[in-house]
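Fold and contact review
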2 protein chains.
Amino acid sequence: MAPDPSDDRTRPQVRTGVPPPAAVNPHWQHKARTAPSLEDYVAGILAGDRVMLGRAITLVESKRSDHQQLGQQIIERCLPQAGPSVRIGITGVPGVGKSTFIEAFGLQLLAAGKRLAVLAVDPSSQRTKGSILGDKTRMPQLATAQEAFIRPSPAGDSLGGVARKSRETIMLCEAAGYDTILVETVGVGQSEVAVHAMVDFFLLLLIPGAGDELQGIKRGIVEMADLLAVNKADGDNIPRAKRAQAEYRNALHLFPPTPSGWTPPVVTCSALSGEGLGDIQTQLQQYLELVKNNGYFDQRRSEQATYWLHQAIEQQLGDLFLAHPSVKKAYPQLEQAVLRGDISAFQAAEQLITLFRQEK
Amino acid sequence: MAPDPSDDRTRPQVRTGVPPPAAVNPHWQHKARTAPSLEDYVAGILAGDRVMLGRAITLVESKRSDHQQLGQQIIERCLPQAGPSVRIGITGVPGVGKSTFIEAFGLQLLAAGKRLAVLAVDPSSQRTKGSILGDKTRMPQLATAQEAFIRPSPAGDSLGGVARKSRETIMLCEAAGYDTILVETVGVGQSEVAVHAMVDFFLLLLIPGAGDELQGIKRGIVEMADLLAVNKADGDNIPRAKRAQAEYRNALHLFPPTPSGWTPPVVTCSALSGEGLGDIQTQLQQYLELVKNNGYFDQRRSEQATYWLHQAIEQQLGDLFLAHPSVKKAYPQLEQAVLRGDISAFQAAEQLITLFRQEK
């Protein structure tokens, strides 16, 4: 059974969801045994109560419609209260050391006074995998830091569903006062595009190798990155890391200009030694200065908002469409006819839309 | 008034639409003054009659609903008869010499016995621009070649509309026996993705420069290319072309593997001298051999067919959605609310879908 932070019997031994004693409202402690109301959730989140935040996210992720409804109400109330934030996406091939990097980088951000949330987007996540406990052992120091909030990926039927819940989690974290959100992609070639569309800054982690540095990354991702970091640049690896850095710098030089006006830098770093992490923070600050001054920061967020609105409409419209009995019946054979080259896509779509418009 | 190939008074002096005398059916010549029937069109296209092909494409491109209806009927009849073909997309920055390249490359393909159609996808095209005459002066030799069929971009309200008509034009050309289709992107950063989704092989033309080779190409296009050709490698330019070739080879080496298993080569060529064009043809043949043997050719076409089916459904569903009076009324303010961060994309979409489901 999934751990319930409000239930002593199942609460994990590592207490990451407990707010500092001064912030605990005895009224809420008492209420932990009865279901909190919408007002309790909203007040708790806006006050930065991590128990309430965690429970609200659980509602949003739930498959139960009563949970989802309450979750949406909480979002509706909290969204306009979301504080300013910076959202950073982190992607990289398996084995590149993302967890170690996120921990080291995260601790640096905390030291710089940030309030940090660490999330993941994993379309293959299921409710029983990727447990809260698992994440805490990957990032043990960050997991016990007071000002950091860590949450594993929501589960979901589709990347679209997981992406939506992730974005709603971001909204709730921002309402709770977290000003820096790290979003990690999990899995190979599955969630990079979605994560890129929900962050302000996209960081690609690489390791120096024998030419197969990017095995497992989808084509197109390199050109999305706002910063490339060659990790594991320590000890004997340093010469190889520097060579990879030079190769990537030359390659990027050949690419078209970015819409932001920013030239993505290629740096080396070592999450283990901490080398280079300060430089990454500096680059991030310079990026933010540039794009906040030239308007691109707001433009990118607007484009993303529009993108997700269209995605949500297409998703819901598509569900409505495919649920229509006549459409559901005719779709497979029409799709096959298109694949065989018997009819055009346009004609198949026309026939399906005609069926959709009829009475059920 | 746009030239009508069936009308002597407006037919351009350069007679590109006239089939070889042996193929002209006197019955059709007589019928040129009265409107051809559906049977006339189908029979003509399947026999390779370029006048009929051109007129059918004009119907497909027309804004008139009677024309569109007849055009769709022609497609319905012709599509299952489409012969095997290879579709090649050609893109590149303005000034790279696409027209000269297409002419030179096209003439080589004709010399190799191919029946060649040359099309363009230009979302900014209007009916009065990009005249048939204009294209013929860009590619004068190809324009008068018997076995080549050249058609400018359809006009349209949107890239989606232009892309669909382009694809239907491809279908009709294939039914008329053209086995090699060149599709040129026109304009900057507008149609590359759509063209990439309708061809088997995507060729990126480059010129050697001072680091700004890719000005005007959208990010992500380099990674889509199946072959990169550094053009204008003649005379004094040859050293610079070779350097650019080496730089791109190194850069591509750093990219993830392609889904096809093919390693995109970087070649130099000169459309003016003809140097390197034979090599490009050889690379193309090797690519086709690889992907026809490993199944990727068919897989890519299936994926594209599915993609365009989804695009067509989304397009038509979207039109239906936005035409609903309540949706049309509520959409702008809900979109603004999402942009302001007052409600989430999901909630806005839910409200709009609810309105859509109501009686009008």
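Just so you know, these numbers come straight off a predicted model, no measurement behind them.

Quick word on the packing of aromatic side chains
What characterises a pair of aromatic rings is the spacing of the ring centres plus the angle enclosed by the ring planes. Applying the stated criterion across every chain yields a total of 12 aromatic pairs over all chains. Between F149(A) and Y178(A) the ring centres are 5.9 Å apart and the planes differ by 40°, which places this aromatic pair in the tilted class. You can see F149(A) sitting in strand β3 (residues 148–150) and its partner Y178(A) sitting in the loop between α8 (159–175) and β4 (180–185), a full 29 residues away along the chain. For the pair F149(A) and Y178(A), a shared accessibility class is recorded, and that class is buried. These aromatic residues form a ring-pair network of at least three members: F201(A), W262(A) and Y287(A). The cationic tip of R164(B) hangs over the ring face of F346(A); the distance from NZ or CZ to the ring centre is 3.6 Å. Seen from the ring of F297(B), K292(B) lies directly overhead, with NZ or CZ sitting 4.5 Å from the centre.

Notes on the sheet that holds β4(A)
All names here are of chain A. The seven strands lie next to each other as β3-β2-β4-β1-β5-β6-β7, forming an open sheet whose pairing is parallel. The sheet is open, and its two borders are formed by β3 and β7 (266–268), each paired with just one other strand. Within this sheet the neighbouring strands show an average axis-to-axis angle of 25°, counted without direction. Pairing of strand β6 (residues 227–230) with β7, which is carried by three bridges, proceeds in the parallel orientation. Following the sheet pairing, L228 is matched in β7 by V266.

As for the relation of the copies chain B and chain A
Note on the identical chains: chain B maps onto chain A by a rotation of 180° and an axial translation of 0.0 Å, with an RMSD of 0.0 Å. When the rotation and shift are considered jointly, the pair of chain copies conforms to a two-fold rotation axis. Among all residues of chain B, the minimum C-alpha distance to the rotation axis is found for A251(B), at 2.1 Å. When you check the interface residues of chain B against chain A, 98% turn up at the interface there too, and the contact is symmetric in its surfaces.

A short note on the confidence of the model for chain A
Residues and elements named next belong to chain A. Here chain A averages 85 in pLDDT, and 84% of its residues register 70 or above. When pLDDT is averaged over each helix and strand of chain A, the minimum, 53, is found for helix α1 (residues 26–31) and the maximum, 97, for helix α11 (residues 277–293). Between residues 1–23, whose pLDDT stays under 50, and residues either more than four places distant or in other chains, the model counts 27 contacts. Counting contacts from residues 128–133, a segment whose pLDDT is below 50, to residues more than four positions away or on other chains yields four contacts.

Considering the pattern of salt bridges
A side chain of one charge can pair with a side chain of the opposite charge when the charged atoms of the two come close. All names here are of chain A. Scanning all chains against the criterion turns up 18 salt bridges over all chains. Note that R301 is salt-bridged to D200, the shortest N-O span being 2.7 Å. Placement of the pair is R301 in helix α12 (residues 296–323) and D200 in the loop between α9 (192–196) and β5 (201–206), with a sequence separation of 101 residues.

Overview of the side chain of Q316(B)
With respect to the helices and strands, Q316(B) occurs in helix α12 (residues 296–323). Sequence-distant contacts of Q316(B), that is, excluding residues within four places in its chain, are made with F346(A), A349(A), E350(A) and I353(A).

Notes on the nonpolar core
Formed by 114 residues in total, the largest nonpolar core has its most connected members in I45(A), L172(A), C173(A), I45(B), L172(B) and C173(B). Apart from residues lying up to four places away in sequence, I45(A) is in contact with M52(A), L53(A), A56(A), I74(A), C78(A), L172(A), A175(A) and A176(A).

Some thoughts on the environment of P256(B)
All names here are of chain B. By the secondary structure assignment, P256 is in the loop between α10 (238–253) and β7 (266–268). Overall, P256 belongs to the buried group, its relative accessible area being 2%. For the pair P256 and E223, spaced 33 residues apart in the sequence, the C-alpha separation amounts to 9.0 Å.

Some thoughts on the interface of chain B and chain A
Listed as interface residues are 63 residues of chain B and, on the opposing side, 62 residues of chain A. Here chain B packs against chain A, burying approximately 5,400 Å² in sum over the two surfaces, 66% of which is carbon and sulfur. Summed over the three residues of chain B that lose the most area to chain A, namely R219(B), L254(B) and F346(B), the buried surface amounts to 15% of that side. Along the contact surface separating chain B from chain A lie zero salt bridges. Connecting chain B to chain A are four residue pairs in polar contact (both at pLDDT 80 or more). Mapped by element, the contributors of at least two residues to the side of chain B that touches chain A are α4 (65–78), α8 (159–175), α10, α12, α13 (325–340) and α14 (345–357) of chain B. Among the elements that take part in the side of chain B that touches chain A, α12(B) stands out by supplying 14 residues, more than any other. Considered class by class, the residues forming the side of chain B that touches chain A number 35 nonpolar, 14 polar and 14 charged.

A short note on the packing of α4(B) against α8(B)
Think of two packed helices as two axes; the pair is described by the angle between the axes and how far apart they sit. All names here are of chain B. Two elements in contact, α4 and α8, have axes whose closest approach is 10 Å; the angle formed by their N-to-C orientations is 50°. In this view, α4 runs oblique relative to α8, as classed from their interaxial angle. In this structure, α4 meets α8 at a crossing whose hand is left-handed. Taking contact as the criterion, the partners of Q72, I74, I75 and C78 in α4 are, on α8, R164, E168, M171, L172 and A175. Here the residues of the contact of α4 with α8 are counted per class, giving six nonpolar, one polar and two charged.

Conventions used here
Residues numbered from 1 in each chain as written. Chains lettered and ligands numbered in written order. Predicted model: local features only at pLDDT ≥ 70, side-chain atom pairs only at ≥ 80, totals over all residues. Heavy atoms only, no water. Phe/Tyr/Trp six-rings, centres within 6.5 Å; stacked < 30°, edge-to-face > 60°. Helix = DSSP H or I, 4+ residues; strand = E, 2+ residues; numbered from the N terminus. Buried < 20%, exposed > 50% of the residue type's maximum accessible area, 1.4 Å probe, protein only. Lys NZ or Arg CZ within 6 Å of the ring centre and 35° of its normal. Pairing = 2+ DSSP bridges. Axes fitted to C-alpha atoms, helices over the stretch in contact; angles between N-to-C directions. Least-squares fit on C-alpha atoms with pLDDT ≥ 70 in both. Contact = heavy atoms within 4.5 Å. pLDDT = per-residue confidence, 0-100. Salt bridge = Lys/Arg side-chain N within 4 Å of Asp/Glu carboxyl O. Core = buried A, V, L, I, M, F, W, Y, C linked by side-chain atoms within 4.5 Å. Buried area = accessible area lost by both parts, 1.4 Å probe. Polar contact = N/O pair within 3.5 Å; in protein donor to acceptor, adjacent residues only side chain to side chain. Nonpolar A, V, L, I, M, F, W, Y, C, P; charged D, E, K, R; others polar. Parallel < 35°, antiparallel > 145°, perpendicular 65-115°, else oblique. Left-handed = near helix turned anticlockwise from the far one by under 90°.

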